[in-house]
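Letter by letter, the chains look like this.
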Amino acid sequence: MFFSLRKANGGYWSFSIALKSIFMMLAISTIISTIGTQVYVNFVNPTLQEKVVTHTINVTIEYMEKNNVPDEVIDSKIAELEKQVDAIGKITLGQIFKGLAITLLFQFVFALLLSALSKREKPVFVQQSN
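Residues numbered from 1 in each chain as written. Predicted model: local features only at pLDDT ≥ 70, side-chain atom pairs only at ≥ 80, totals over all residues. Heavy atoms only, no water.

Trainee: Looking at this structure, I do not really get the confidence of the model for the chain. What am I missing?
Mentor: Residues with a pLDDT of 70 or more make up 90% of the chain, whose mean pLDDT is 84. No element of the chain has a lower mean pLDDT than helix α1 (residues 2-8), at 69, and none a higher one than helix α5 (residues 93-118), at 93. (pLDDT = per-residue confidence, 0-100. Helix = DSSP H or I, 4+ residues; strand = E, 2+ residues; numbered from the N terminus.)

Written out as structure tokens, the structure reads:
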């Protein structure tokens, strides 16, 4: 995909333009994904997160019982998971933005790598044929 963008630009793509283009693509897709996920989780299927944590609790209990884990350890682990159920409804807008900022930071580093791989500078001295 990045190489086709470079090809459309005459076969040359500076590091700066590559970085800007790649990061913008990654950032826009992340923002759209985050908004879509929040709309789905909060409005379309608000019980999804509780179902996931409840299923996790059940699977954890089964796993620990199969491995003969003491009841005290099982009870403490279940208490931790139940705290997560209580915290699900308390996700704030600040936490969402914090997660988005961290994701964008990692994507910037990834964009740096992809830019370095896909850049192709125009030669300074080009031989012209007569």
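Trainee: Sorry if this is basic, but what is going on with the environment of threonine 103 here?
Mentor: If you trace the backbone, threonine 103 turns up in helix α5. Here threonine 103 falls in the partly exposed class, since its relative accessible area comes to 33%. (Buried < 20%, exposed > 50% of the residue type's maximum accessible area, 1.4 Å probe, protein only.)

Trainee: What should I look at first to understand the nonpolar core in this one?
Mentor: Across soluble globular proteins, you tend to see nonpolar side chains buried next to one another. Counting 7 residues, the largest nonpolar core consists of Trp13, Ala18, Leu19, Ile22, Leu26, Ala111 and Leu114. For this core, the elements supplying multiple residues, two or more each, are α2 (15-44) and α5. Of all the elements, α2 adds the most residues to this core, at 4 residues. Ranked by size, the runner-up nonpolar core spans 6 residues in total, among them Val53, Ile57, Met64 and Ile78. (Core = buried A, V, L, I, M, F, W, Y, C linked by side-chain atoms within 4.5 Å.)

Trainee: Hey, could you run me through the environment of leucine 117 in this one?
Mentor: Checked against the element boundaries, leucine 117 lands in helix α5. For the pair leucine 117 and lysine 66, spaced 51 residues apart in sequence, the C-alpha to C-alpha distance is 49 Å.

Trainee: Looking at this structure, I do not really get unusual backbone geometry. What am I missing?
Mentor: Across the chain, the bulk of peptide bonds are trans and the bulk of non-glycine residues have phi less than zero. Not every positive phi belongs to a glycine, and asparagine 68 is a case in point at roughly 55°. A relative accessible area of 68% means that asparagine 68 is categorised as exposed.

Trainee: Honestly, the side chain of serine 115 in this entry has me stumped. Any pointers?
Mentor: In this fold, serine 115 is placed in helix α5. Not counting residues within four places of it along the chain, the set of residues in contact with serine 115 comprises Phe15, Ala18, Leu19 and Ile22. (Contact = heavy atoms within 4.5 Å.)

Trainee: Would you explain a nonpolar patch on the surface in this entry?
Mentor: A cluster of nonpolar side chains, namely Ile31, Ile35, Val39, Tyr40, Phe43, Val44, Leu48 and Val52, defines an oily patch on the protein surface of about 740 Å² accessible area. For the nonpolar patch, the secondary structure elements donating two or more residues are α2 and α3 (48-66). Residue contributions to the nonpolar patch peak at 6 residues, all from α2. Positionally, leucine 48 belongs in helix α3. (Patch = residues over 30% accessible without salt bridge, like charges linked within 9 Å, V, L, I, M, F, W, Y side chains within 5 Å. Areas by Shrake-Rupley, 256 points an atom, 1.4 Å probe, with all protein chains shown as cover. Salt bridge = Lys/Arg side-chain N within 4 Å of Asp/Glu carboxyl O.)

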